Amino acid sequence: MTIRTVSELVEQGFEGIENEISICTDCQLHKTVTNRVISKGSRSPKIVFVGEAPGKNEDETGIPFCGRAGKNLDAMVAYMGLSEDDYSVINTIKCRPPNNRNPLKSEINACKPFLQAQIKLLNPKVIILLGNTAEKAFCNGEKLDWGAPRIVDGKYTLLKIYHPAALIYQRSRIEEQNTLIDNNRHLWE
Ligand code: URA
């Protein structure tokens, strides 16, 4: 296991982090990955969306949220009234778990320095946690309420909302999600 500190990664900048992710063998997922999925969007965003893990489409292309869940994320972004410069999208872990199983705690922990370094460099006002896996990486076992913003260290606000994939099979959730968004517009408008 390579020891990478967050500050060393931050010093290397976006390209350095990308390079470190591309050669990482710190968990077993490197044995089955096709493409590591790093980020998309603005490099100076107001908001960073943090997903769970790459799925099949993302593994094939290396682009986060480029499949069906991505269409729901795009619809959410439009509902929030964000422009391209306003946001970026990253995942909690960068390699696809086989058969899209949930990421293991050990995999989340192995990838955490990359996640933390990405957040430091992107330096958003708001971090939107898309579901429970992202919450695990940010909240050390503590649970946030859905749609209840939490200011961390006076630096940024965490907000947990539903993962876009959870809206695919439960259409009724879309209205619930829109209410969570409406209640928090002041965070980015
Ligand atoms: N689900 C995620 O959490 N991330 C992706 O990139 C795609 C689907």
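To start, this report covers the structure provided alongside it. (Residues numbered from 1 in each chain as written. Predicted model: local features only at pLDDT ≥ 70, side-chain atom pairs only at ≥ 80, totals over all residues. Heavy atoms only, no water.)

**Examining the overall build of the chain**
For clarity, the cut-off: Secondary structure elements follow DSSP: runs of H or I no shorter than four residues count as helices, runs of E no shorter than two count as strands, and numbering proceeds from the N terminus. Note that the radius of gyration is over C-alpha atoms, with the globule rule given as 2.2 Å times the number of residues to the power 0.38. Burial classes follow relative accessibility: with a 1.4 Å probe on protein chains only, a residue under 20% of its type's maximum area counts as buried, one over 50% as exposed, and anything between as partly exposed. Per-residue and other accessible areas were derived by the Shrake-Rupley procedure at a 1.4 Å probe size, with only the shown protein chains allowed to occlude residues. Under the counting rule used here, the positive set is Lys and Arg, the negative set is Asp and Glu, and His together with the chain ends is not counted. Note that the charge is assigned to NZ on lysines, CZ on arginines, CG on aspartates and CD on glutamates.
A count of helical and extended segments in the chain gives seven helices and six strands. Element order for the chain, N to C, with α for helix and β for strand: α-β-β-α-α-β-α-β-α-β-β-α-α. A compact globule built from 189 residues would reach a C-alpha radius of gyration of about 16 Å, and the chain, at 16 Å, matches this within 12%. Taken over 189 residues, the chain has a buried fraction of 51%. About 9600 Å² of surface is accessible on the chain, with carbon and sulfur atoms providing 47% of the total. Taking the 24 positively charged and 23 negatively charged side chains of the chain as two groups, their mean positions are separated by 4 Å.

**Quick word on the environment of Lys40**
The test is simple: Residues count as neighbours in contact if any of their non-hydrogen atoms are within 4.5 Å of one another.
Considering the arrangement of structural elements, one finds Lys40 in strand 1 (residues 40-41). A relative accessible area of 26% places Lys40 in the partly exposed class. Separated by 50 residues in sequence, Lys40 and Ile90 have C-alpha atoms that sit 6.8 Å apart. When neighbours within four sequence positions are excluded, Lys40 is seen to be in contact with Ile63, Pro64, Phe65, Ser88 and Val89.

**Regarding the site of the ligand**
Note the following rule: We call a residue near a molecule or strand whenever a single non-hydrogen atom of that residue lies within 4 Å of it. In the analysis that follows, any N or O atom pair within 3.5 Å is treated as a polar contact, provided that within protein one partner can donate a hydrogen and the other can accept it, and provided that, for residues neighboring in sequence, both atoms belong to side chains. Note on residue classes: Ala, Val, Leu, Ile, Met, Phe, Trp, Tyr, Cys and Pro are nonpolar, Asp, Glu, Lys and Arg are charged, and everything else, Gly too, is polar.
All residues adjacent to the ligand are Gly51, Glu52, Ala53, Glu58, Pro64, Phe65, Asn91 and His163. The backbone of Phe65 places a nitrogen or oxygen atom 2.9 Å from an oxygen atom of the ligand. Measuring from a nitrogen atom of the ligand, one finds a side-chain N or O atom of Asn91 at 2.8 Å. Considered on its own, the ligand offers 240 Å² of accessible surface; in the complex 91% of this is hidden by protein. A per-class count over the shell around the ligand returns three nonpolar, three polar and two charged.

**Comments concerning the nonpolar core**
Which entries qualify depends on this criterion: Joining through side-chain atoms within 4.5 Å is the link that ties buried Ala, Val, Leu, Ile, Met, Phe, Trp, Tyr and Cys residues into a set, and such a set is a nonpolar core.
One finds Val50, Ile90, Phe114, Ile127, Leu129, Phe138 and Leu158 to be the most contacted residues of the largest nonpolar core, which totals 31 residues. Mapped onto this core, the elements with two or more residues apiece are helix 1 (6-23), strand 2 (47-51), helix 4 (105-122), strand 4 (126-130), helix 5 (132-139) and strand 6 (156-161). Here this core gets seven residues from one element, more than from any other, and that element is helix 4. Not counting residues within four places of it along the chain, the set of residues in contact with Ile127 comprises Val48, Val50, Ile119, Phe138, Tyr156, Thr157, Leu158 and Leu159. Ranked by size, the runner-up nonpolar core spans 22 residues in total, among them Phe65, Leu167, Ile181 and Leu187.

**Here we look at helix 4**
For clarity, the cut-off: For a helix, the expected span equals 1.5 Å multiplied by the number of residues minus one. The reported bend at a residue is simply the angle between two axes, fitted to the 7 residues ending at it and to the 7 residues beginning with it.
Here helix 4 is 18 residues long and its end C-alpha atoms lie 24 Å apart, about the 26 Å a rise of 1.5 Å per residue gives. The sharpest bend along helix 4 reaches about 45° and sits at Lys112, with the proline Pro113 one to four residues further on. Those residues of helix 4 that sit buried are Glu107, Ile108, Ala110, Cys111, Lys112, Phe114, Leu115, Ala117, Gln118, Ile119 and Leu122. Residues of helix 4 that are buried in the fold lie against helix 1, strand 2, strand 3 (87-91), strand 4 and helix 5. In the stretch just after helix 4, Asn123 is the one whose phi turns positive, near 50°.

**Comments concerning the side chain of Arg185**
Take Arg185: it is sitting in the segment after helix 7 (172-182). Relative accessible area serves as the criterion here: at 18%, Arg185 is assigned to the buried category. A polar atom in the side chain of Arg185 sits 2.8 Å from the backbone oxygen of Tyr79.

**Examining the pattern of salt bridges**
Side chains carrying opposite charge are able to pair once their charged atoms draw close together. Spelled out, the test is: Counted as salt bridges are all cases of a side-chain nitrogen of Lys or Arg within 4 Å of a carboxyl oxygen of Asp or Glu.
Inspection of every chain in the model, using the stated rule, returns 12 salt bridges. With a closest N to O distance of 2.8 Å, Arg4 and Glu20 form a salt bridge. With Arg4 in the segment before helix 1 and Glu20 in helix 1, this residue pair connects regions lying 16 residues apart in the sequence. Assessed through its relative accessible area of 12%, Arg4 is described here as buried. Judged by relative accessible area, Glu20 falls into the buried class, the value being 16%. We note a salt bridge from Glu60 to Lys56, for which the minimum N-O separation is 3.0 Å. Of this pair, Glu60 and Lys56 both sit in helix 2 (residues 56-61), separated by four residues, roughly a single helical turn. What emerges from the salt-bridge pattern is a single network uniting Arg4, Glu20 and Asp26.

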